[in-house]
Amino acid sequence: MTIETRSPSDSAIKAIAARIDRPLVLVGMMGVGKSTIGRKLAQLLALPFRDADDEIEKAAQLSITEIFERFGEAHFRDGERRVLARLIAGPPRVIATGGGAFINEQTRQLILERCISVWLDAEIEILAARVSRGRDRPLLRGQDPLAVLARLADQRNPIYAEAHLIVRSATGPHDEVVERIVSGLVESGAWPASAL
Ligand code: S3P
């Protein structure tokens, strides 16, 4: 389901927060704002928040850039899969994933079966402008961000589209994106049946 509505009432927010019995997982391309939006969403719903990239760095005692440099992408993906499995097995909370996490089939199946997933989608040009200003991302190093993001979006968007909820043009003001997610949760019949 694609989310377009806005401004859920306080009582609707409370009602939806009370019904959330599983992790709420944000997926989508780098630069879309999963971490910032995730933190705000968690605050609104009075849920804990975890950032999967931060958890990977904590577990490895290395930055993501260092993991890529020292051990390569395959090693990073393996750690990412294990960290996500641990986070998903935990209590209901909001989880921001790294852009590649949902692309891993095992992780995706876990998320689709045990979580409520939300794809934050955005125009590539906006993402490219954002990542150029943002933190170091190994997949973009020394490359044209627009070209890399366009290639990744081609590969990944059909997979992100499997998420339970879709928020298009998710690069507006963060509070507005959070409201659109909550509205989608309130109105959606797209949750896994057992969450209803
Ligand atoms: C990646 C996205 C990054 C990080 C790593 C790989 C990707 O996370 O996990 O650099 O494959 O798209 P963000 O989406 O938080 O930037």
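Note that the structure is a prediction, hence the values are computed from the model and not measured.

Calculation notes
- Residues numbered from 1 in each chain as written.
- Predicted model: local features only at pLDDT ≥ 70, side-chain atom pairs only at ≥ 80, totals over all residues.
- Heavy atoms only, no water.
- Helix = DSSP H or I, 4+ residues; strand = E, 2+ residues; numbered from the N terminus.
- Rg over C-alpha atoms; globule rule 2.2 N^0.38 Å.
- Buried < 20%, exposed > 50% of the residue type's maximum accessible area, 1.4 Å probe, protein only.
- Contact = heavy atoms within 4.5 Å.
- 1 Å grid on protein atoms, 1.4 Å probe; cavity = no way out; pocket = protein on both sides within 12 Å on 5 of 7 lines; lining within 4 Å.
- Points joined across faces, edges and corners; volume = space filled by probe spheres on them.
- Nonpolar A, V, L, I, M, F, W, Y, C, P; charged D, E, K, R; others polar.
- Pairing = 2+ DSSP bridges.

## Topic: the overall build of the chain
Summing up its helical and strand segments, the chain has nine helices and five strands in all. In the chain, the succession of α and β elements from N to C terminus is α-β-α-β-α-α-α-β-α-β-α-α-β-α. In summary, the chain has a C-alpha radius of gyration of 16 Å against a globular reference of 16 Å for 196 residues, a match within 12%. With respect to the three principal axes, the spread of C-alpha positions in the chain is 50 × 35 × 25 Å. Among the 196 residues that make up the chain, the fraction classed as buried is 50%. For the chain, restricting intrachain contacts to residue pairs at least 6 apart in sequence, the fraction spanning at least 24 positions comes to 78%.

## Focus: the layout of surface pockets
When its volume is computed, the largest pocket comes out at roughly 620 Å³. Residue lining of the largest pocket: 31 residues in total, with M30, G31, D53, R135 and R137 positioned closest to the centre. Breaking the lining of the largest pocket down by element, the ones donating at least two residues are α2 (34-45), α3 (52-60), α4 (64-71) and α5 (73-89). Residue composition of the lining of the largest pocket, by class: seven nonpolar, 12 polar and 12 charged.

## Quick notes on unusual backbone geometry
For Q61, which is not glycine, the phi dihedral falls at a positive 55°. Mapped onto the elements, Q61 comes out in the loop between α3 and α4.

## Considering the pairing of strand β4 (residues 116-120)
Here β4 lies mainly inside the structure; five of its five residues are buried. Burial along β4 is two-sided: the face carrying I116, V118 and L120 and the face carrying S117 and W119 are both buried. Here strand β1 (residues 24-27) pairs with β4 via four bridges, running parallel. Residue pairing across strands places L24 opposite I116, the latter belonging to β4. Relative to strand β5 (residues 165-167), β4 runs parallel, the two being bridged by three bridges.

Take it as geometry only, folks, not as evidence of what the structure does.
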